[in-house]
Amino acid sequence: MTQPDDAETRWRALVQSETRGRFADTARTPAGLEVKALYTAQDLEGVAHLDSVPGEAPFVRGVRATMYATRPWTLRQYAGFSTPEETNAFFRRALKAGQRGLSVAFDLPTHRGYDSDDPRVKGDVGKAGVAVSSVEDMKLVFDGIPLAEVSVSMTMNGAVLPVLAAFIVTAEEQGVGLEQLSGTIQNDILKEFMVRNTFIYPPEPSMRIVADVMELVSQKLPRYNSISISGYHMQEAGASAELELGYTLADGLAYASAGVARGLDPDAVLGTLSFFFGVGLDFFGEIAKLRAARLLWAELVKERFAPKNPRSLSLRTHCQTSGVSLTAQDPLNNVVRTTLEALSAVLGGTQSLHTNAYDEALALPGERSARVARNTQLILQHETGIPKVVDPLAGSYYVERLTHDLAASARQLVLEVEAHGGMTRAIEQRIPQRRIAQAAAERQARIDRSEELVIGVNAFRVPDEPEPELLVVDTARVLEAQSARLARVRKNRDENRVQALLAALEAGARGSENLLTLSIEAMRARATVGEVSLALERAFGRHNEVSMATTGVFSKAYAGDAEWSAVVELLRRVSEREGRQPRILIAKLGQDGHDRGAKVVAAGLSDLGFDVELGPLFQSPEQAARHALESDVHFVGVSTQAGAHLVLVPELLDELRKLGAGGVRVVVGGIISAPDRAALEARGVSAVFGPGAPILEIARQLLELFEGVPEAGSA
């Protein structure tokens with residue numbers, strides 16, 4: 001065994017004299033990485049990538065030789081605001097203010113393949129992004145924006161066929177050739193089955209759709225990326241750095257294999273893949289993660305595909321600062337958080353970047369907060385001098401060791417996935433879902449116990465803080481405008497031709513034709529997103545998913561804790577008096593598939609002793625009310641992340657009363673502004689919890705809703 005070097009020996013002697021041995025020389029970062037307090041040259045032993053240079057495989061130090069010194073990363077702010085017209089106005093202002101690429105956020109009905117006038121989605125229209133139901137909507141989004149000159153990224157997975165088809169037809173009608181289009185379509189359906197849940201069809205036909213998109217894009221859109229393989233949503237769902245890195249690259253291998261199996265040249269396939277990582281507050285860990293991603297991807301691609309073009313080994317990535325790190329409490333702190341995360345992405349070597357706005361824990365970003373987010377990147381580019389040096393942290397003992405170790409850990413996860421038959425099979429066995437849910441619950445437990453500090457939340461709290469000015473989306477107005485435009489589209493089109501093309505699409509889905517080609521034909525004739533999605537659904541079916549909560553994390557974290565024991569005792573007394581445990585249905589209403597919060601709360605309440613039922617995704621208020629009645633619950637807890645609560649929760653209350661279940665208490669948790677909180681309470685909601693509310697606080701308030709409950713410790 002190699003002996004410690006002189007530097008470490010001298011340091012340990014100094015530490016001993018300073019602390020008298022009261023010093024732990026290892027710790028865990030916020031992202032769960034175990035790190036040492038001191039790294040020396042000794043830690044670089046076995047690190048094989050140290051002699052690499054930027055622009056050369058394995059691209060640890062960057063995908064271009066000069067990186068930002070000759071061309072800064074692209075500012076690509078992710079945006080979508082209610083109507084196509086408002087989104088277009090925002091994009092025009094952003095381009096004028098220095099943004100060089102556009103990134104489109106669609107609303108949840110569009111993601112899930114529903115038209116805006118579908119009665120199932122009325123609460124979600126325009127809430128979490130722009131509503132696009134037809135080519136006419138897409139044309140308004142890009143009105144006056146030259147698609148031959150501006151790179152466009154679109155976050156779309158489930159309804160990728162009609163949405164990408166609408167974009168292609170929009171370009172055609174602008175007079176732009178397909179060979180001129182640049183940008184990325186996300187088209188990462190495997191991640192949806194793991195964490196984000198905006199899927200439509202089952203996994204196997206969904207993978208066929210991915211391959212169809214890859215095929216056509218590689219043939220006709222040479223400057224366009226057919227997939228953006230996303231780790232971002234895994235991180236947002238609670239994944240650690242190793243999980244995000246390993247599962248993202250495993251997804252990438254699955255997509256590359258699907259393209260090659262289609263008969264496409266490996267170099268052609270690999271050249272159209274790009275990646276998308278989240279960047280949180282583990283400053284050095286996130287830098288190392290991006291470097292490790294390039295290192296490991298180059299190794300895996302070389303081993304599995306042996307491409308001829310050296311550039312096929314390069315991993316190009318977009319990054320977005322963390323949404324889950326944003327706090328509703330003291331929200332201006334989020335400016336600092338986002339700045340540090342953006343700096344990590346830049347020092348890690350991203351190709352493009354989105355910086356979140358400080359008010360996004362409460363609502364869609366307003367004009368002022370969006371400007372601050374955009375200017376954060378402009379300041380990094382133009383005022384700091386950082387872009388002038390390529391990979392400035394290269395050679396750091398800490399960063400290089402962490403890069404090596406993260407790549408090694410992620411490789412083991414990739415091998416595990418392959419041992420289970422690949423990522424599709426691993427997802428069907430719920431392996432990544434369980435791992436990510438476990439990591440999310442563990443982190444929330446650390447925050448609840450103040451083992452991990454969040455400024456303004458569990459440390460240095462401000463007692464009275466003003467509510468920031470928030471963007472409010474008038475869903476009724478958006479729905480009215482969208483419905484009127486859809487009516488005009490249907491009235492003015494050749495209905496017989498549209499129906500014939502939709503029938504051809506369904507037949508193609510049952511056969512083997514390229515579904516993107518058929519979707520373009522249908523959208524060109526003015527079929528709608530909902531109609532194209534329904535034609536495919538008739539052939540493939542619609543996928544259903546039931547969320548599953550982990551157990552044991554909170555009880556382990558709180559073992560021996562007096563406060564936890566007091567709540568457990570109070571719950572026991574309530575259970576004795578009621579003759580059964582307090583029972584709660586945790587529900588997701590509408591098209592909001594973000595279920596991290598629901599799973600974490602379910603895990604914590606279960607560990608305390610509540611009888612918890614975690615409901616299926618995408619319930620209507622009527623379905624949730626019937627579920628509550630049939631399950632004989634005391635509470636329905638609605639988890640909301642996408643802003644539809646002002647429409648859907650009052651409908652749930654009405655449905656409960658209609659069924660004679662008005663005694664069931666409704667509580668709501670998630671991204672809820674102060675005005676929304678007041679409105680919900682006025683409608684009869686019993687309690688409202690903000691994002692990241694501690695489990696013990698939630699449990700206490702639920703138990704207090706039982707009248708006459710004795711205080712813990714009283715006679």
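Values in this document were obtained by computation on a predicted structure and should not be read as measured data.

## Here we look at the sheet that holds strand E8 (residues 227-230)
Taken together, nine strands build an open sheet; the order of strands is E7-E6-E5-E4-E3-E11-E10-E9-E8 and the sheet is parallel. Both edges of this open sheet fall to strand E7 (224-225) and E8, since each of them pairs with a single strand only. Of the strand pairs in this sheet, strand E5 (residues 151-154) and strand E6 (residues 183-185) are connected by three bridges, and their pairing is parallel. Each residue of the ladder has a partner; that of Val152, found in E6, is Gly183. Across the sheet, helix H2 (residues 84-96) touches strand E3 (74-79) and strand E4 (101-104), and the angle it forms with E4 is around 155°.

## What to know about the environment of Ala31
Structurally, the position occupied by Ala31 is in the loop between strand E1 (26-28) and strand E2 (34-36). In sequence terms Ala31 and Ser606 are 575 residues apart; their C-alpha atoms lie 25 Å from each other. The contacts of Ala31, once residues within four sequence positions are left out, are Ser240, Ala241 and Asp282.

## Brief notes about the confidence of the model for the protein
Of the residues in the protein, 98% reach a pLDDT of 70 or more, and the chain-wide mean stands at 93. A low-confidence stretch, residues 708-715 stays under pLDDT 50, and its non-local contacts, those more than four residues away or across chains, total twelve contacts.

## With respect to the sheet that holds strand E13 (residues 611-614)
Taken in spatial order, the five strands of this open sheet run E13-E12-E14-E15-E16, and their pairing is parallel. Unpaired on one side and paired on the other, E13 and strand E16 (687-689) mark the two borders of the sheet. Neighbour-to-neighbour, the strand axes of this sheet turn through a mean angle of 20°, independent of strand direction. Sheet topology places strand E14 (residues 635-640) next to strand E15 (residues 665-670); six bridges connect them, and they run parallel. Residue pairing in the sheet places Val638 in a bridge with Val668 of E15. Along the sheet, helix H24 (residues 621-631) contacts strand E12 (583-587), E13 and E14; its crossing angle with E12, the most-contacted strand, is approximately 160°.

## A word on the packing of helix H16 (residues 431-448) against helix H23 (residues 596-608)
At a closest axis distance of 9 Å, the pairing of H16 and H23 adopts a crossing angle of 65°. Classified by the interaxial angle, the pair formed by H16 and H23 is roughly perpendicular. Seen from above, H16 lies across H23 with right-handed handedness. Touching Ala437, Ala440, Ala441, Arg443 and Gln444 of H16 are Arg596, Lys599 and Val600, all from H23. Among the residues forming the contact of H16 with H23, the class breakdown is four nonpolar, one polar and three charged.

The rules behind these values
- Residues numbered from 1 in each chain as written.
- Predicted model: local features only at pLDDT ≥ 70, side-chain atom pairs only at ≥ 80, totals over all residues.
- Heavy atoms only, no water.
- Pairing = 2+ DSSP bridges.
- Helix = DSSP H or I, 4+ residues; strand = E, 2+ residues; numbered from the N terminus.
- Contact = heavy atoms within 4.5 Å.
- Axes fitted to C-alpha atoms, helices over the stretch in contact; angles between N-to-C directions.
- pLDDT = per-residue confidence, 0-100.
- Parallel < 35°, antiparallel > 145°, perpendicular 65-115°, else oblique.
- Left-handed = near helix turned anticlockwise from the far one by under 90°.
- Nonpolar A, V, L, I, M, F, W, Y, C, P; charged D, E, K, R; others polar.

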